[in-house]
Amino acid sequence: MARERLYLFDTTLRDGAQTNGVDFTLADKLTIARLLDELGIDYIEAGYPGANPIDTDFFSERRAMKARLTAFGMTRRPGRSASNDPGLVALLDAHADAICFVAKSWDYHVRVAIETTEEENLASIRDSVRAAKAKGREVLLDCEHFFDGYKAKPDFALACAQAAYDEGARWVVLCDTNGGTLPHEVERIVGEVCEKIPGEHIGIHAHNDTEQAVANTFAAVRSGARQIQGTLNGLGERCGNANLVSIIPTLKLKSEYADKFETGVSDEALGRLARVSHAVDELLNRAANRHAPYVGESAFATKAGIHASAIMKEPATYEHIAPERVGNRRKLLVSDQAGRSNVLAELERIGLAVDKDDPRVIRLLDEVKEREAIGYAYESADASFELLARRLLGKVPHYFEVEKFDVNVEQRNNAKGERVTVSQAVVKIKVGGQELISVAEGIGPVNALDLALRKDLGEYQSYIKGLELTDYRVRILNGGTQAVTRVLIESADETGDRWTTVGVSANIIDASFQALMDSIVYKLVKSGAPA
Ligand SMILES: [Zn+2]
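Please read all numbers here as calculations on a predicted model, not as lab measurements. (Residues numbered from 1 in each chain as written. Predicted model: local features only at pLDDT ≥ 70, side-chain atom pairs only at ≥ 80, totals over all residues. Heavy atoms only, no water.)

Visitor: I'd love a proper account of the overall build of the protein chain, names of residues and values included.
Guide: Of the regular secondary structure elements, the protein chain holds 19 helices and 18 strands. Considering only C-alpha atoms, the protein chain reaches an extent of 85 × 75 × 40 Å along its principal axes. A total of about 24100 Å² of accessible surface is found on the protein chain, and carbon and sulfur atoms cover 48% of it. In the protein chain, which carries 65 positive and 79 negative side-chain charges, the distance between the mean positions of the two groups comes to 2 Å. (Helix = DSSP H or I, 4+ residues; strand = E, 2+ residues; numbered from the N terminus. Areas by Shrake-Rupley, 256 points an atom, 1.4 Å probe, with all protein chains shown as cover. Lys, Arg positive; Asp, Glu negative; His and termini not counted. Charge placed at Lys NZ, Arg CZ, Asp CG, Glu CD.)

Dropping the structure here:
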């Protein structure tokens, strides 16, 4: 039997950007859009052009994606014509494949929030959809507060949805904007809407204020909705949006949905889901939720004892899915078989194939576990993992040695009498038989140290010419007096390759130094610098 297509619409970059403490740069948005595109998401809602400079920038040029890039904005303002509304004009000019309008569908909001008539609200929906269609865009209408509006005055809520559909909107999205609707209510209301508008044109946008955004999403799908809106890791204002990272594996791995529906997410992409989820956390400099369904570190962790021995024999005894399907792994505290095969797979990926019974594999695994226990994060720091593995397997030449370094931060008046803070680093290294001393000033102590380290590597200097530090992230772990600092540094080179290294120490400069050193040595290995 042919399966029905379900469409996935991600709004991490628009609704997710409303999360407290989240502030996406343009580079962050492009990175996340790429992750979503590779995952196989159908629509990426990237922002609200005209509302802020970053979103305007994002849509100022065509971004090559398989997904349909969607610009978000309001329907024309009451009492204006579509061509005379600057917000709408900016939206129509955006380089987007689709436009998602938001409009009121609760009579109470029409009266109180935008102070207009129901007729004018409907006219605004029709005019806006028509204007976007005339521009050749695919059109979606987010019916804000649809469920509350439907409970208060079903005819008006339906009329808003119907107006968009009749005017040719591809999707009418029913939004539980306040997030207070319960699954059985969603199931009933979506069912009733689908009697008027075909379900293949209905979307669901659920918020998590009763911890049921995911359940509400599935309730809507059961009643006929065929577009799912959500965000990565459930980001979103207040309690967040429906979490696509939980929804996608349920759709693909639970037979009730898997037998009936297909999505744009391949099995192979599903296998990278945990990485995508963690990449977003890293980008936001947040600790990943260990208990997140499917992708959390503890999602498939079992303590030693009878469970663990049963799991070793038959994983299905205590696991609802195979963790590898979503890129996670089983964690057992007795004998970590899964960890071992992970390490083997990783070694193979980086071209360091070793025999599976090689005792060095266990040594490497132990080393990784010990280091991760004190704060190293090798899942995020691919290059540091590779170096650790290469060192254990005896494959990292001894290029140079840092005999000592000194970093100094001084605040003083400059020649113009302005108060300035100056950082200076002095690095003494030994290359071959030669001792080299470099001095550099930087914007901060880490920048000064980085510049001094890379200033003169003697015979190796030519190999690191194209090396560039592209991102620097600091996280304080544990907190209190026990606090240690983890530094993650992302580097890039002239070939366009990017890699991440990690350092951990009680001292931020020392942690940064470790990560910088790993980055330089990684680049030398990668460039085939001679020993
Ligand atoms: Zn929302």
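Visitor: Any details on the packing of aromatic side chains? Residues and values, ideally.
Guide: Here the structure, examined in full by the defined rule, presents 15 aromatic pairs. Measuring from ring centre to ring centre gives 6.4 Å for Tyr-378 and Phe-385, while their planes differ by 70°; the resulting arrangement is edge-to-face. Take Phe-385: its relative accessible area is 6%, and that puts it in the buried class. For the ring pair Tyr-399 and Tyr-460, a centre distance of 5.2 Å and an interplane angle of 80° mean the geometry is edge-to-face. Pair noted here: Tyr-399 is in the loop between helix 17 (382-392) and strand 13 (400-413) and Tyr-460 is in the loop between helix 18 (445-455) and strand 16 (468-477), with a separation of 61 residues, a long-range link. (Phe/Tyr/Trp six-rings, centres within 6.5 Å; stacked < 30°, edge-to-face > 60°. Buried < 20%, exposed > 50% of the residue type's maximum accessible area, 1.4 Å probe, protein only.)

Visitor: An account of the sheet that holds strand 8 (residues 202-206) is requested, with residue identities and associated values reported.
Guide: Here eight strands make up a closed barrel; going around it, the order is 2-3-4-5-6-7-8-9 and the pairing parallel. Across the sheet, the axes of successive neighbouring strands diverge by a mean angle of 25°, strand direction being ignored. Summarising the sheet, strand 5 (residues 98-104) and strand 6 (residues 138-144) pair through seven bridges and their orientation is parallel. Following the sheet pairing, Ala-103 is matched in strand 6 by Cys-143. The strands that helix 9 (residues 213-222) touches are strand 7 (171-176), strand 8 and strand 9 (227-230); relative to strand 8, the one it contacts most, it runs at about 165°. (Pairing = 2+ DSSP bridges. Axes fitted to C-alpha atoms, helices over the stretch in contact; angles between N-to-C directions. Contact = heavy atoms within 4.5 Å.)

Visitor: If you had to explain the layout of surface pockets to someone new, which residues and values would you point to?
Guide: The volume enclosed by the second largest pocket comes to roughly 710 Å³. Lining the second largest pocket are 36 residues, with Arg-14, Gln-18, Tyr-48, Phe-72 and Val-102 sitting closest to its centre. Mapped onto the lining of the second largest pocket, the elements with two or more residues apiece are helix 2 (53-58), strand 4 (68-74), strand 5, helix 5 (118-134) and strand 6. Here the residues of the lining of the second largest pocket are counted per class, giving 14 nonpolar, nine polar and 13 charged. (1 Å grid on protein atoms, 1.4 Å probe; cavity = no way out; pocket = protein on both sides within 12 Å on 5 of 7 lines; lining within 4 Å. Points joined across faces, edges and corners; volume = space filled by probe spheres on them. Nonpolar A, V, L, I, M, F, W, Y, C, P; charged D, E, K, R; others polar.)

Visitor: Lay out helix 17 in plain terms, naming residues and giving numbers.
Guide: Most of helix 17 is tucked away: nine of the 11 residues are buried. Among the residues making up helix 17, those that are buried are Ala-383, Ser-384, Phe-385, Glu-386, Leu-387, Leu-388, Ala-389, Arg-390 and Leu-392.

Visitor: With reference to specific residues and values, describe the nonpolar core.
Guide: Counting residues in each nonpolar core, the largest one holds 92 residues, and the members touching the most others are Ile-44, Phe-146 and Ile-228. The greatest single-element share of this core, amounting to seven residues, is contributed by helix 7 (residues 154-166). Ile-44 has contacts with Asp-10, Leu-13, Ala-33, Leu-36, Asp-37, Met-65, Ala-67, Arg-68, Leu-69 and Thr-70, leaving out every residue within four places of it along the chain. Leu-457, Trp-499, Val-521 and Val-525 belong to the second-largest nonpolar core, a separate cluster that totals 35 residues. (Core = buried A, V, L, I, M, F, W, Y, C linked by side-chain atoms within 4.5 Å.)

Visitor: For unusual backbone geometry, give the residues involved together with the corresponding values.
Guide: The residue Asn-285 is not glycine, and still its phi comes out positive at about 60°. Residue placement: Asn-285 occurs in the loop between helix 13 (273-283) and strand 11 (301-302). Among the residues examined, Asn-285 registers a relative accessible area of 35% and is labelled partly exposed.

Visitor: How would you explain the sheet that holds strand 18 (residues 498-505) if you had to name every residue and give the values?
Guide: On the basis of which strands lie adjacent, the open sheet formed by three strands has the order 16-17-18 and antiparallel pairing. Every interior strand has two partners, whereas the edge strands, strand 16 and strand 18, have only one. The average undirected angle you get between the axes of adjacent strands in this sheet is 15°. As defined by bridge partners, strand 16 adjoins strand 17 (residues 484-492) across nine bridges and the pair is classed as antiparallel. Note on strand 17: the bridge partner recorded for Val-474 is Val-487.

Visitor: With reference to specific residues and values, describe the packing of helix 16 (residues 359-373) against helix 17.
Guide: As a packed pair, helix 16 and helix 17 sit with axes 10 Å apart at the nearest point and diverge in direction by 140°. Considered as vectors, helix 16 and helix 17 are oriented oblique to each other. Between helix 16 and helix 17 lies a crossing whose hand is right-handed. Two secondary-structure elements touch here, helix 16 through Arg-360, Arg-363, Leu-364, Glu-367, Val-368 and Arg-371 and helix 17 through Phe-385, Leu-388, Ala-389 and Leu-392. (Parallel < 35°, antiparallel > 145°, perpendicular 65-115°, else oblique. Left-handed = near helix turned anticlockwise from the far one by under 90°.)

Visitor: Any details on the packing of helix 9 against helix 10 (residues 244-253)? Residues and values, ideally.
Guide: In the contact formed by helix 9 and helix 10, the axes pass within 10 Å of each other and the chain directions differ by 40°. In this view, helix 9 runs oblique relative to helix 10, as classed from their interaxial angle. By crossing handedness, the relation of helix 9 to helix 10 is classed as right-handed. Seen from helix 9, the contacting residues are Val-214, Thr-217 and Phe-218; seen from helix 10, they are Ser-246, Ile-247, Thr-250 and Leu-251.

Visitor: Summarise empty space enclosed by the protein; cite the residues concerned and give the values.
Guide: Applying the stated criterion across every chain yields a total of two cavities of 30 Å³ or more. In this structure, the largest cavity is lined by Asp-450, Arg-454, Leu-467, Glu-468, Leu-469, Ile-489, Ser-491, Leu-516, Ser-519 and Ile-520. Counting only elements with at least two residues in the lining of the largest cavity, the list comes to helix 18, strand 16, strand 17 and helix 19 (508-526). Per-element accounting of the lining of the largest cavity gives the leading share, three residues, to helix 19. Every residue along the wall of the second largest cavity is listed here: Leu-347, Val-354, Arg-360, Val-361, Leu-364, Ala-389, Leu-392 and Leu-393. Counting only elements with at least two residues in the lining of the second largest cavity, the list comes to helix 16 and helix 17. By residue number, the principal contributor to the lining of the second largest cavity is helix 16, which donates three residues. Considered class by class, the residues forming the lining of the second largest cavity number seven nonpolar, no polar and one charged.

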